Amino acid sequence: APSAACCHVLPTQSPAVMTKLNRNVSSMPRKQRKALHTAPSHKRRKIMSAQLSRELRTKYNVRSMPVRKEDEVMVKVGTMKDREGKVIQCYRKKYRIHIERVTREKTNGQTVPVGIHPSNVVITKLKLDKDRKALLERKAAGAAKGKYTNRDVSMGSVD
């Protein structure tokens, strides 16, 4: 006869467990990694986004942008910290960007660019064209839509 503590009994879910927010995106690490490493190029562009500097953030009211060639960036994390330069290549296949003057020397004397992940840099100057300006305007409009102003907050306490 099977015992009372059988393996088919499911544990009860505690109320403190947070549920998924988006049903279309898996929360399983295995599926997250698969999605990252099999992502097509247009999705890799968006994944390869970097924060904007404080000045650009206040100017455009946008927090981050996909990095592109000829943007000027500053490395914020790692052994190349505080190095500045222009992006010379976006290597989407490896999720890395190459920055001018961020290089290392190989044992044979050849200098090669060091790949930096875009999350470790801050964009200090944007290369703007009409598509990029339109993207900034769209993102700023979306950011302004959900924000509370000081006037909204002060009016809320009037009740």
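Definitions and cut-offs
Residues numbered from 1 in each chain as written. Predicted model: local features only at pLDDT ≥ 70, side-chain atom pairs only at ≥ 80, totals over all residues. Heavy atoms only, no water. Helix = DSSP H or I, 4+ residues; strand = E, 2+ residues; numbered from the N terminus. Pairing = 2+ DSSP bridges. Axes fitted to C-alpha atoms, helices over the stretch in contact; angles between N-to-C directions.

Q: Is there a simple way to think about unusual backbone geometry in this case?
A: Peptide bonds are trans in most cases, and residues, glycine excluded, mostly fall at negative phi. With a phi close to 70°, Asp82 is a non-glycine residue in the positive phi region. Of note, Asp82 is situated in the loop between β3 (72–75) and β4 (84–91).

Q: I tried to follow the sheet that holds strand β2 (residues 64–66) on my own but got confused; where do I start?
A: Neighbouring strands of a sheet are bound in pairs by backbone hydrogen bonds; such pairs are parallel or else antiparallel. The 7 strands lie next to each other as β2-β1-β7-β3-β4-β5-β6, forming an open sheet whose pairing is mixed. Single-partner strands in this sheet number two, and they are β2 and β6 (111–116). Taking each pair of neighbouring strands and ignoring which way they run, the sheet shows an average axis angle of 50°. Where strand β5 (residues 96–105) and β6 come together, 5 bridges link them in antiparallel fashion. Note on β6: the bridge partner recorded for Thr103 is Pro113.

Q: Would you take a moment to explain the pairing of strand β1 (residues 49–52) for this structure?
A: Successive side chains on a regular strand alternate, one facing one side of the sheet and the next facing the other. Both β1 and β2 contribute to a ladder of 3 bridges, which runs antiparallel. The residue bridging Ala50 from the neighbouring strand is Met65, located in β2. Two strands pair when backbone bridges link them, and β1 and strand β7 (residues 121–125) are joined in this way by 2 bridges, in the parallel orientation. Of the residues in β7, the one forming a bridge with Leu52 is Ile123.

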